[in-house]
Amino acid sequence: MDDRTLKVLEYDKIIEKLAGYTQSESGRRLALQLKPSSEKAQIMEWQEETSEAESILVAEGSGLISPFPDIQHAVRKAKIGSVLCPRELLEIAQVLSLASSAKKRMNEYKGKEELSLIPSMIENLKTQHALLERIRNCIETEESLYDHASPELFNIRRQIRRANDKIRDRLNGYLHSLQMQKYLQEAIVTIRNGRYVLPVKQEYRTQVPGIVHDQSSSGATLFIEPMSVVEANNEVKQLELKEKEEIERILAELTAQVGDAGDEILSTHAILVHLDFIFAKAAYSLSIRGIRPRIVETPSMRIKNGRHPLIDPEKVVPISLELGRNFTTLIITGPNTGGKTVTLKTTGLFVLMHQSGLHLPADYGTEMGIFQHVYADIGDEQSIEQSLSTFSSHMTNIVYILDRVSPGDLVLFDELGAGTDPAEGAALAMSILDQLFSSKICTMATTHYSELKLYAISREGIENASVEFDVETLRPTYRLLIGVPGR
């Protein structure tokens, strides 16, 4: 699809809304990359995915996917032998747990037999149950492991606790000594540089033999490790080094298991990301009260009560129109701010959304064909930098379109021929429409020129339409009337 058209029709805003329904950053990125397809089989599959996910959402009240992290980098690190940290392993466990949960919920879903695509995807999830349980049994938090992660770790930590208890008992003996109490700034045991110390008054430094590890900002207090506990503290340090080595060994072992199953874990993650994207499409469909349009063979459309998805649902006026069957050119006339441009944008956006696998905010009975490309010249394209007037800029766009358009495309013109002498503008507009009509290219154009109304009446295959105007209140109603020229 033409990038200019995607921008003019505000397709990016639709995709941004869609991305807001994803549960993961990876799913969001996938949603933001969505572009319309012109392959029928692809579009039908995308639409079926959205419909299946929507049926699950309606029945279950939620999708099968909950928030999950991007683990691709961590898994690739594991595959090349780089040891993962506890946080990375927990994230991998979170993804594997979600895969297991999705499989379980899919198996319990009562409408499973009516679905095909989503159950097939979920069937391909590899839950790595043994690895998941091993990580759960070893990793306690993002920074720590359980004592029972291994018998060796359990034994080391038990020795550390005993050694620390021995140190505290000795230091508590100091605290309860009447002789020592007068040497201490406070009767507490504290830690400096990972060693147990006592806060000793500066003037009694020589009365407490030991190693000074720190002093207070005023210098009145020294934090001293008594000589009687130095050896015990050293023992704790040695045990802590052993603990660190055992933790690194366990992490390396878990990492190796992740690396061995790396390809399957990456595949599972990719499926979950795709499912996240699919359920986001379904959630967006529900938010706009969307329906799956029937796909027809020819590049044509029949929209029943279509609502522009970016306009407040309480204020939007539905439009109904058809194009590409009895006529291939539709000329829309009517007052300013009457909704002509919104009609063009709604039509173009419906084509883009449908061909992106998104449901449409319209009524059942809506039918959409498949268009190879959509081209649009909408809005004031005046360019000061390029010294282009509004008319010149529109003509530049129109020439761009005419050079590229071919049968099977959709062309949208807003105020065709405007910005110059009315007689010349009308003649120019008719010649442009003639060329597109003779090539059987579906075209919609808005205009103020009365000559184009007569032009539409006099040609078979070209139809007038108008946005309704209430002559009593002198205000537009925004309703589109096919076959009736505006004024």
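Residues numbered from 1 in each chain as written. Predicted model: local features only at pLDDT ≥ 70, side-chain atom pairs only at ≥ 80, totals over all residues. Heavy atoms only, no water.

Colleague: Any details on the overall build of the chain? Residues and values, ideally.
Modeller: The helix and strand tally for the chain stands at 16 helices and 14 strands. Seen along its three principal axes, the alpha-carbon backbone of the chain occupies a region of about 115 × 55 × 45 Å. Roughly 23,400 Å² of accessible area belongs to the chain as shown, and the carbon and sulfur atoms make up 49% of that amount. Within the chain, one finds 54 positive and 67 negative side-chain charges whose respective centroids are separated by 6 Å. (Helix = DSSP H or I, 4+ residues; strand = E, 2+ residues; numbered from the N terminus. Areas by Shrake-Rupley, 256 points an atom, 1.4 Å probe, with all protein chains shown as cover. Lys, Arg positive; Asp, Glu negative; His and termini not counted. Charge placed at Lys NZ, Arg CZ, Asp CG, Glu CD.)

Colleague: Before we move on, can you summarise the pairing of strand β6 (residues 301–306) with the specific residues and values?
Modeller: As defined by bridge partners, β6 adjoins strand β9 (residues 367–368) across 2 bridges and the pair is classed as antiparallel. Bridge assignment links M301 to a residue of β9, and that residue is M368. The sheet contact formed by β6 and strand β7 (residues 319–323) spans 4 bridges and is antiparallel. Of the residues in β7, the one forming a bridge with I303 is L321. (Pairing = 2+ DSSP bridges.)

Colleague: Lay out the confidence of the model for the chain with the relevant residues and their values.
Modeller: This prediction gives the chain a mean pLDDT of 88; 94% of its residues lie at or above 70. Contacts of residues 382–387 to residues separated by more than four positions or lying in other chains number 5 contacts, the stretch itself having pLDDT below 50. (pLDDT = per-residue confidence, 0-100. Contact = heavy atoms within 4.5 Å.)

Colleague: How would you sum up unusual backbone geometry? Please name residues and give values.
Modeller: Positive phi values are uncommon outside glycine, yet E10 reaches one of about 60°. When you line up the elements, E10 lands in the loop between α1 (3–8) and α2 (11–19). Positive phi is not limited to glycine here, since Q128 has a value of about 50°. One can find Q128 in the loop between α7 (117–123) and α8 (129–138).

Colleague: Got a sec to walk through the nonpolar core? Specific residues and values, please.
Modeller: Of all hydrophobic cores here, the largest spans 49 residues; its most connected members are I92, I118, V258, I265, L272, L275 and F279. Of all the secondary structure elements, the ones that give two or more residues to this core are α4 (40–60), α5 (72–79), α6 (86–108), α7, α8, α11 (227–260) and α12 (262–287). The residues touching L275, leaving out its near neighbours within four places in the chain, are I65, I118, M121 and I122. Residues L6, L321, L330 and V467 belong to the second largest nonpolar core, which totals 44 residues. (Core = buried A, V, L, I, M, F, W, Y, C linked by side-chain atoms within 4.5 Å. Buried < 20%, exposed > 50% of the residue type's maximum accessible area, 1.4 Å probe, protein only.)

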